[in-house]
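# Fold and contact review
For reference, the chains in residue letters:
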Amino acid sequence: NIVLSLPCENLEEERQLFSFFSMLTFCAFLLMYFWKSGLLIRGGISVGTYFSDELMIWGKGLVKTYQLENQIAVYPRIIIDPKDKKLFAAACEPFENVLLNEDFDGICFVDPFLWKDIKRHENMLRELLCENVKQLKAAHKKDFKIEQKLLWFNRYLKEKISILETEKHYME
């Protein structure tokens with residue numbers, strides 16, 4: 001488990017929003033790193049209180065994040081608590097709403113490939129797709145939950161590659 005936290009109680013709104021955007025950016029890079037390493041991670045982001053000491057972390061914010069990851073995220077994505085969606089959208093607004101996407105199930109998630117320069121990631125997207133297809137063939141009908149996650153990731157990657165190919169077509 002990875003726990004990230006930002007103190008934001010006493011920050012002015014602009015600094016608070018920038019902190020939220022920084023958290024989303026870090027999560028996007030984490031996703032790309034783990035996906036490239038072959039690990040399809042999932043997680044949740046929520047705003048709430050928590051307490052920590054040298055031995056443990058506890059609190060409502062942590063419990064909510066765990067529930068998001070364990071019960072709702074399902075696919076290899078980092079989702080935003082629906083109650084905090086507007087707050088994180090506001091954090092992304094000055095940056096042309098990069099990083100947040102809404103999935104087919106209405107859940108808002110961190111999308112590392114929404115940057116305007118998605119073209120520079122084309123090779124990585126294609127490599128991830130090829131590797132995912134191999135994993136899908138290996139998992140086929142062995143474990144439904146794993147297959148479900150791989151199918152989601154396959155659809156996600158194909159969607160991103162389709163966007164790239166559409167952009168290339170219009171540039172020609």
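Residues numbered from 1 in each chain as written. Predicted model: local features only at pLDDT ≥ 70, side-chain atom pairs only at ≥ 80, totals over all residues. Heavy atoms only, no water.

Looking only at helices and strands, one finds five helices and six strands in the protein chain. Helices and strands appear in the protein chain in the N-to-C order α-β-β-β-α-β-α-β-β-α-α. Computed over its C-alpha atoms, the radius of gyration of the protein chain comes to 17 Å, within 12% of the 16 Å expected for a compact globule of 172 residues. Once the C-alpha set of the protein chain is aligned to its principal axes, its extents read approximately 50 × 45 × 30 Å. For the protein chain, the proportion of its 172 residues judged to be buried stands at 40%. In the protein chain, of all internal contacts separated by at least 6 residues, the share reaching a separation of at least 24 is 62%. For the protein chain, the computed accessible surface area is about 11,000 Å², with 57% contributed by carbon and sulfur atoms. (Helix = DSSP H or I, 4+ residues; strand = E, 2+ residues; numbered from the N terminus. Rg over C-alpha atoms; globule rule 2.2 N^0.38 Å. Buried < 20%, exposed > 50% of the residue type's maximum accessible area, 1.4 Å probe, protein only. Contact = heavy atoms within 4.5 Å. Areas by Shrake-Rupley, 256 points an atom, 1.4 Å probe, with all protein chains shown as cover.)

This next bit is on the side chain of asparagine 154. With respect to the helices and strands, asparagine 154 occurs in helix 5 (residues 144–171). On the basis of relative accessible area, asparagine 154 is assigned to the buried category, the value being 11%. Not counting residues up to four positions away in its chain, the partners in contact with asparagine 154 are Leu129, Asn132, Val133 and Leu136.

Counted by the stated rule, this structure contains 12 salt bridges. Here glutamate 69 makes a salt bridge to arginine 42, at a shortest N to O gap of 3.0 Å. Within this pair, whereas glutamate 69 is found in helix 2 (residues 60–73), its partner arginine 42 is found in the loop between helix 1 (13–36) and strand 1 (43–45), the two being separated by 27 residues in sequence. Residue glutamate 69 is classed as partly exposed on the basis of its relative accessible area, which comes to 21%. We classify arginine 42 as partly exposed; its relative accessible area is 30%. Here arginine 77 makes a salt bridge to aspartate 103, at a shortest N to O gap of 2.7 Å. (Salt bridge = Lys/Arg side-chain N within 4 Å of Asp/Glu carboxyl O.)

It is worth spelling out unusual backbone geometry at this point. With phi around 50 degrees, valine 74 is a residue other than glycine that occupies positive phi space. For leucine 99, which is not glycine, the phi dihedral falls at a positive 90 degrees. Within the element layout of this structure, leucine 99 appears in the loop between helix 3 (85–92) and strand 5 (100–102). On the basis of relative accessible area, leucine 99 is assigned to the buried category, the value being 0%.

Its location among the elements puts aspartate 81 in the loop between strand 4 (78–80) and helix 3. One polar contact links aspartate 81 to serine 46, side chain to side chain, over a distance of 2.8 Å. (Polar contact = N/O pair within 3.5 Å; in protein donor to acceptor, adjacent residues only side chain to side chain.)

Together, Phe51, Leu55, Met56 and Trp58 make up an exposed nonpolar region whose accessible area comes to about 490 Å². Residue position: tryptophan 58 is located in strand 3 (residues 57–58). (Patch = residues over 30% accessible without salt bridge, like charges linked within 9 Å, V, L, I, M, F, W, Y side chains within 5 Å.)

This part covers helix 1. Its 24 residues give helix 1 an end-to-end C-alpha distance of 35 Å, which sits within 8% of 34 Å, the value for a rise of 1.5 Å per residue. In the stretch just after helix 1, glycine 38 is the one whose phi turns positive, near 85 degrees. (Expected span 1.5 Å × (residues − 1).)

Our focus in this paragraph is the environment of proline 76. Within the fold, proline 76 resides in the loop between helix 2 and strand 4. Distance in space between the C-alpha atoms of proline 76 and serine 162 is 20 Å, their sequence separation being 86 residues. Leave out the neighbours within four places in its chain, and proline 76 touches Trp35, Leu40, Ile41, Arg42, Lys149, Trp152 and Phe153.

Looking now at the packing of helix 1 against helix 4 (residues 122–139). Relative to each other, helix 1 and helix 4 sit at 50 degrees, their axes nearing to 10 Å. Relative to helix 4, the element helix 1 is oriented oblique. Seen along the crossing, helix 1 lies across helix 4 with a hand that is left-handed. Contact residues: Met32, Trp35 and Lys36 in helix 1; Met124, Glu127 and Leu128 in helix 4. (Axes fitted to C-alpha atoms, helices over the stretch in contact; angles between N-to-C directions. Parallel < 35°, antiparallel > 145°, perpendicular 65-115°, else oblique. Left-handed = near helix turned anticlockwise from the far one by under 90°.)

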